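Summary of the model geometry
Given next are the chains, with one letter for each unit.
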Amino acid sequence: MSLYLEYLAEIESRKNDLGLAPMPIDNAELLSEIIAQIKETGNQYREDSLKFFIYNTLPGTTSAAGVKAEFLKEIILGESVVAEITPTFAFELLSHMKGGPSIKVLLDLALSDNEAVAKPAAEVLETQVFLYEADTDRLEAAYKAGNVIAKAILESYAKAEFFTKLPEIPEKIDVVTYIAGEGDISTDLLSPGNQAHSRSDRELHGKCLISPEAQTEIQDLQKQYPGKKVMLIAEKGTMGVGSSRMSGVNNVALWAGEQASPYIPFVNFAPVVAGTNGISPIFLTTVGVTGGIGLDLKNWVKKVDANGKTVLNDSGDPVLEQVYSVETGTVLTINTKEKKLYNGDKELVDVSSAFTPQSVEFMKAGGSYAIVFGKKLQSFAAETLGVALEPVFAPSKEISIPDQGLTAVEKIFNKNSVGVASEEALHAGSDVRVTVNIVGSQDTTGLMTSQELESMAAMVISPIVDGAYQSGCHTASVWDSKAQANIPKLMSFMNKFGLITARDPKGVYLAMTDVIHKVLNDLTVDDQAIIIGGDSHTRMSKGVAFGADSGTVALALATGEATMPIPESVKVVFKGHMKPYMDFRDVVHATQSQMLKQFGDNVFQGRVIEVHIGTLMADQAFTFTDWTAEMKAKASICISNDETLVKSLELAKSRIQIMIDKGMDNEAQTLNGLIALADKRIKEITSGAVPALKPDDNAKYFAEVVVDLDAIDEPMVADPDVNNADVSKRYTHDVIRPVSFYKGKPVDLAFVGSCMVHKGDMQIVAQMLRNIEKQTGSVSFKAPLVIAPPTYNIVDELKAEGDWEILQKYSGFEFDDVHPKGVARTKYENIMYLERPGCNLCMGNQEKAEPGDTVIATSTRLFQGRVVADSAEKKGESLLGSTPLVVLSAVLGRFPSIEEYKAAVEGITLTDFIPPTVDMSTKFSAGALPVKRV
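Under an unreviewed UniProt entry, the name given to the protein is Bifunctional aconitate hydratase 2/2-methylisocitrate dehydratase, and the organism recorded is Psychrosphaera saromensis.

Here it is in structure tokens:
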């Protein structure tokens, strides 16, 4: 059977089984068949073949795009004649192909001696921005050889006419409101984790936005209010908490945005989203990628009494009162010039935060990528022509405050900044372009990242990136048909692109399904590094790390850069002493609880938490930085002393060496290069030349939080509060309760795993089992206990040290790499399961607890439906706590009393954390930190 007939069969299957349109074409062989049928005027499939060629072929660097571009070139040169595709139309189609093969073809034509095609090709080229070194080298060489067309193209680029000739954004945008949910809206609502396998199939994945009912309601609003955009709203909450989730923005754009091009299927842009408390910072970046708008509505405020004090309800929560209504079906107008939101003629709120000069540029250009590449292209052209750079784009805000020291994140951004005009060090609020040292791509968003790389015509990783890793952790639990269809293709693409990959496309080394954040934490070998990762928990305990959408990850891989404002910081320090039965996880939860009590509002939200951790090794410190995603912080930085940092770097070196020994290094010797960088950093620290990163003693913070360790006298539990009468207060991660609150509450399943745990947690499990065995002669479980070590290194070390043996002894299931599970578990027995290293239940995309279960877990997320779905009879709830609390709850089948808990952990060292006894800052010296200018 021909590929085309197979494609027709697939079309019928998608239509009949899923109600979907034909899958967009990315395969060169299939498109070659289609082109052959187009050339054959009497072919029975010619009409449909034309439609597939014109409207259903993916652009960028897909193999199909290469074939399409070459055929369009044939038409333009008259070598092929297609009545339906004139040379003029062929140029139009090339203009929508976004780079890669299309740029090559356009350069071939523009730089040729054929004047009839050179000028129209140049006119199209002047609208394009996705040019890489191979393309600009050709232009430069032609210009230096005296080519007039090349000069004209460069002059256009130097004026940034690809941007200036675009239409301005509309002065008024009419929207009709749709309340997508009450309270914080997790990105899981927009793009559920359990549907991650379909993210690269945009039309199919779009079917999982919120619910079928919601999709129908959105369509009904569009029919009722033609010409008005549907604005999705988080009423009384923040839109897009939890992760960047490019697929979430894609889904919103698919249902409520605009089509990016008539010739590119299911790629939409410019959605409008809003929240009473605005948009989560990590999600707002993703909105910018699509040229969308994110509004902070402020339509509910805290009620105050006559004395100006906040009025509280019976639960101690602030009472909210409505400033204005945005109930579903309300027509509003966004005035982009005044930067105001109106209902008719009535002004509702200032929305200027959504229309910064940079944000407006993203909207005008159809997304942030075009601006990033456009700026590079303009700089190249000006330099090649030897002319001054015209100030076309909004100038970056550069804030330098005399005699004010720098926070840790300000120091990192200054060290890594490029293109800075200021002679002085920059402070928070400055817009900075920075080099990126480490990049991570995870497996449920990786296919989208690969698509983004193809769409921006990138072929190889930027040489300025120190290291990049493609994980396999989110699909580690079950090697099912979905994983087998997606993951090998992903690993092959990323391996060729230049990343270290968890799975070897050549089959030389065994699959390493380690949790991505643990691997990135090891690959980070500089405490002044910047890390970008395709997951909200990209929060290393060395350097500063930012979780990002798949597009921003792709941009970092392709360019080695990222652009963002220097964030404000909140300083966190500790006082008092830890009780011996407390785990460091309890300190993490107490930090959030005490902060909320101290300030009333979440001062962490959207800021960097600078935690003065002192002597805690990177592995354990990561438990704190990881949870800062749940604190809604933008990122976190650990301030360590010199000795601790050196030990953490030596540990990282040993783990990188294990990866090398497994055969995971690539031709570029990336892993060996990271070991060399670690050695260099260790030498800098031990010699005293460049000590461990510390803030200046007169740095300015948005707030300073002091955590009282003496006040932590019970295990602390993060509670989804699923039955709170105020729906907006559910699933927030802000409800932190002591274990005594639960008074023996039954537990249906317990889980120890995710990026929140480390080797010490596995050792705690082993020691608790030994203690129980010693006390009772054996160990049994009254609730299922699922154990998923985060990395293979931990498993190997536990085996070498004897702790794995006790886990095996009391397990009813142990993972088998030779014969991995092919089907997700749906029922659990009261036994201990030793699962394959990876995300497991925390991700919720492959396996979940049984619907309606009460789960106690060490994981990160408690969102509705993530770890456990609701049943018809009962809401599922995922409560989060420390490893010893989880293990004991599984043994008892309920939450323990504080007395039972203390007895169970007696004699076990739960953490080595001791607060620093000295100030973790450096004496400010003006001008001590030079700003990198490129």
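The next thing to look at is the overall build of the protein. Scanning the protein from N- to C-terminus turns up 31 helices and 33 strands. Projected onto the principal axes, the alpha-carbon positions of the protein cover approximately 90 × 70 × 65 Å. Counting only residues that meet the buried cut, the protein has 60% of its 934 residues in that class. Of the roughly 35,600 Å² of accessible surface on the protein, a fraction of 51% belongs to carbon and sulfur atoms. When the 89 basic and 122 acidic side-chain charges of the protein are each reduced to a single mean position, those positions are 2 Å apart.

Overall, mixed pairing links the seven strands, which are arranged β8-β7-β3-β1-β11-β12-β13 in an open sheet. In this open sheet, the two strands that pair with only one neighbour each are β8 (293-296) and β13 (346-350). Averaged over all neighbouring strand pairs, the angle between strand axes comes to 35°, with direction disregarded. The pairing of strand β1 (residues 172-182) with strand β11 (residues 331-335) spans five bridges and is classified as antiparallel. Considered in β11, the bridge of D174 is made with T333.

This brings us to the packing of helix α23 (residues 584-599) against helix α24 (residues 618-627). Axis separation between α23 and α24 bottoms out at 10 Å; the angle between their running directions is 30°. The angle between the axes of α23 and α24 places the two elements in the roughly parallel class. Crossing of α23 against α24: the hand is right-handed. Across the interface between the two elements, F584, R585, V588, H589, T591 and Q592 of α23 pack against Q620, T623, F624 and W627 of α24.

A few words now on the sheet that holds strand β14 (residues 417-418). Paired through their backbone hydrogen bonds, the strands of a sheet run either parallel or antiparallel. Reading across from one edge, β14-β15-β21 is the order of the three strands in this open sheet, with antiparallel pairing throughout. Every interior strand has two partners, whereas the edge strands, β14 and β21 (561-565), have only one. In the sheet, strand β15 (residues 431-435) pairs with β21 via five bridges, with the strands oriented antiparallel. Bridged to D431 within β21 is P565.

A word on the pairing of strand β7 (residues 272-275). Judged by which residues are buried, β7 turns out to be covered on both faces: V272 and A274 on one side and V273 and G275 on the other are all buried. In terms of strand pairing, strand β3 (residues 229-235) meets β7 through four bridges, oriented parallel. Along β7, the bridge assignment pairs M231 with V272. Strand direction decides the pairing type here: β7 and β8, joined by four bridges, are parallel. Opposite A274, over in β8, you have L295 as the bridge partner.

Taken as a whole and judged by the stated rule, the model has 51 salt bridges. For K165, the salt bridge goes to E161, with nearest N and O atoms at 3.7 Å. With its nearest N and O atoms 2.8 Å apart, the salt bridge here joins K745 to E877. In this pair, K745 is assigned in the loop between β27 (736-738) and β28 (749-753) and E877 in strand β33 (residues 877-880), connecting sequence segments 132 residues apart. With relative accessibility at 24%, the residue K745 sits in the partly exposed group. Salt bridges here are not isolated pairs; linked through shared partners, they connect D526, D527, K680, R681 and E684.

We now examine the environment of G812. Along the polypeptide, G812 turns up in strand β30 (residues 811-814). Between the C-alpha atom of G812 and that of N830, which follows or precedes it by 18 residues, the distance is 8.9 Å. Once residues lying within four places of it in the same chain are set aside, the contact partners of G812 are I831 and M832.

A few words on the side chain of T475. Here T475 shows up in the loop between β17 (467-470) and α20 (481-497). You can call T475 buried: its relative accessible area is 8%. Within the local environment of T475, its side chain forms a polar contact with the side chain of D443, the two groups lying 2.6 Å apart. Excluding anything up to four places from it in sequence, T475 contacts D443, T444, A483, I487, N845 and Q846.

We now examine the confidence of the model for the protein. In the predicted model, the protein carries a mean pLDDT of 93, and 99% of its residues have values of at least 70. Every residue in residues 930-934 scores below 50 in pLDDT, and together they form 18 contacts with partners more than four places removed in sequence or on other chains.

Attention now moves to helix α3 (residues 46-55). Among all positions in α3, only R46, S49, L50, F52, F53 and I54 are buried. In this fold, the buried residues of α3 make contact with α1 (3-18), α2 (28-39), α4 (63-76) and α5 (87-95).

To continue, consider the packing of aromatic side chains. One pass over the full model with this rule turns up 21 aromatic pairs. The interplanar angle of 55° and the centroid separation of 5.1 Å between the aromatic rings of Y4 and Y45 together place this pair among those described as tilted. Here Y4 is found in helix α1, whereas its partner Y45 is found in the loop between α2 and α3, with 41 residues between them in sequence. Among the residues examined, Y4 registers a relative accessible area of 0% and is labelled buried.

Next up on the list: unusual backbone geometry. You will see that I210, though not glycine, has its phi angle at about 55°, which is positive. Here I210 is to be found in the loop between α12 (202-206) and α13 (212-224).

The next thing to look at is the side chain of E850. Among the secondary structure elements, E850 is positioned in the loop between β31 (832-834) and β32 (854-857). Under the relative-accessibility criterion, E850 is labelled buried at 19%. Excluding anything up to four places from it in sequence, E850 contacts T826, K827, Y828 and V868.

Counting residues in each nonpolar core, the largest one holds 136 residues, and the members touching the most others are Y469, F604 and L785. It is helix α27 (residues 759-776) that contributes the most residues to this core, seven residues altogether. Shared between two domains, this core takes at least three residues from each, and those domains are domain 3 (433-564 + 656-687) and domain 4 (717-905). In contact with L785, other than residues within four places in its own chain, are A750, V752, I831, M832, Y833, V886, V887 and A890. Of all hydrophobic cores here, the second largest spans 108 residues; its members include L125, A381, V434 and L490.

The rules behind each value
Residues numbered from 1 in each chain as written. Predicted model: local features only at pLDDT ≥ 70, side-chain atom pairs only at ≥ 80, totals over all residues. Heavy atoms only, no water. Helix = DSSP H or I, 4+ residues; strand = E, 2+ residues; numbered from the N terminus. Buried < 20%, exposed > 50% of the residue type's maximum accessible area, 1.4 Å probe, protein only. Areas by Shrake-Rupley, 256 points an atom, 1.4 Å probe, with all protein chains shown as cover. Lys, Arg positive; Asp, Glu negative; His and termini not counted. Charge placed at Lys NZ, Arg CZ, Asp CG, Glu CD. Pairing = 2+ DSSP bridges. Axes fitted to C-alpha atoms, helices over the stretch in contact; angles between N-to-C directions. Parallel < 35°, antiparallel > 145°, perpendicular 65-115°, else oblique. Left-handed = near helix turned anticlockwise from the far one by under 90°. Contact = heavy atoms within 4.5 Å. Salt bridge = Lys/Arg side-chain N within 4 Å of Asp/Glu carboxyl O. Polar contact = N/O pair within 3.5 Å; in protein donor to acceptor, adjacent residues only side chain to side chain. pLDDT = per-residue confidence, 0-100. Phe/Tyr/Trp six-rings, centres within 6.5 Å; stacked < 30°, edge-to-face > 60°. Core = buried A, V, L, I, M, F, W, Y, C linked by side-chain atoms within 4.5 Å. Domains from an automatic or database assignment.

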